[in-house]
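Coordinates in review
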Amino acid sequence: MLQDNIVESILGKTTQKRKSKIPAKLDFLQSATGLILAIFIIFHLLFEASILFGKDSMYAITKMFELDFFIKGGSPIFISILAFIIFAIFIFHAFLAMRKFPNSYREYLRLKTHAKLMKHSDTNLWIIQITTGFMLFFLGSIHLYTMLTQPANIGPFASSDRVYSDMFWPMYLMLLISVVLHAGVGIYRLIMKWGWFDGKNPKENRLRTRKIIKIITIIYLIIGLFSLITYIKIGYEHRDSYGERYKVITNEN
Ligand code: HEM
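Residues numbered from 1 in each chain as written. Predicted model: local features only at pLDDT ≥ 70, side-chain atom pairs only at ≥ 80, totals over all residues. Heavy atoms only, no water.

**As for the coordination of the iron atom of the ligand**
The coordination sphere of the iron atom of the ligand contains the protein donors His44 (NE2) and His143 (NE2), at a distance range of 2.0 Å. Taken together, the six donor atoms coordinating the iron atom of the ligand span angles of 87 to 179° at the metal, a pattern that classifies the geometry as octahedral. In this pair, His44 is assigned in helix α2 (residues 22–48) and His143 in helix α6 (residues 121–149), connecting sequence segments 99 residues apart. (Donors = N, O, S within 2.8 Å, 3.2 Å for Na, K, Ca; no water. Tetrahedral: all angles 85-135°; square planar, octahedral: opposite > 155°, others 65-115°. Helix = DSSP H or I, 4+ residues; strand = E, 2+ residues; numbered from the N terminus.)

Pasting the structure below:
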């Protein structure tokens, strides 16, 4: 891959390493774990945007993840199990990605200057990915740990209380921007790397893929921002009843 070659030449690495099969295997595992996480995020941000359709919709989705169709009333333990699995994949993916980090700040600066000189957009994308990936180490871990250990505190009021009263919204804003950019660039690079949509006219198809992914990334950022604003609004209105849980009003109540 071009940017890998550029990075190797800048960092002065030899091509000897390529003779081993291990880097290729690690590369594949990094792509595979990245793809799983990207698919998870694509669905996660949509499920979580259910708040845009009202509190009842978000409550129904929460209960679905607690498997209430399987066990009467559902159980938050299933959310913990899911969070554990995602956390394990997340840590493994980050561990594999560490190999690609520049080894020192000086190398990073050289890489940045190089990208500027070359005006090579794929190298710029690589820099976006490494920067957002670094932020995700921290932000993603905070969020996943919260979900793993407090699975019962999810719902229209519980989530909004966390976002507004517990002041999680700045963290979510940074997490949203980082993860959407990271996933968008990551998916684009995966498609380029494996040549999935190259067809008969790779040059044209690659440009088209880039345009489509750019549009989808922007749409996801907008959906995420509106969801976050909605959680903030509900949290603000609910601030005096902090801790109270949402209940669906039915004729039986
Ligand atoms: C199984 C694991 C996960 C669960 C159960 C989960 C659940 C949730 C829930 C319930 C919210 C709403 C806010 C709240 O209650 O605090 C939320 C928001 C969010 N989550 Fe997750 N999450 C998981 C994994 C992830 C991962 C791995 C990422 C990215 C690295 C992520 C990114 C986000 C973002 C960016 C928001 C805010 C979205 C917005 O502003 O619209 N989540 N998540």
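**Observations concerning the site of the ligand**
Surrounding the ligand, one finds 22 residues, the nearest of these being His44, His143, Ser159, Arg162 and Tyr172. Between the ligand and His44 there is a distance of 2.8 Å, counted from a nitrogen atom to a side-chain nitrogen or oxygen. Contact distances for the ligand include 2.7 Å between an oxygen atom and a side-chain N or O atom of Arg162. Going through the elements one at a time, α2, α4 (77–97), α6, α7 (156–164), α8 (169–194) and α9 (202–237) are the ones with two or more residues in the shell around the ligand. With five residues, α2 is the single largest residue contributor to the shell around the ligand. Its residues assigned to classes, the shell around the ligand comprises 15 nonpolar, five polar and two charged. (Near = heavy atom within 4 Å. Polar contact = N/O pair within 3.5 Å; in protein donor to acceptor, adjacent residues only side chain to side chain. Nonpolar A, V, L, I, M, F, W, Y, C, P; charged D, E, K, R; others polar.)

**Observations concerning the confidence of the model for the protein**
Averaged over every residue, the pLDDT of the protein is 89; residues scoring 70 or more account for 89%. Confidence, expressed as mean pLDDT per element, reaches its minimum in the protein at helix α1 (residues 2–11) with 52 and its maximum at α7 with 98. (pLDDT = per-residue confidence, 0-100.)

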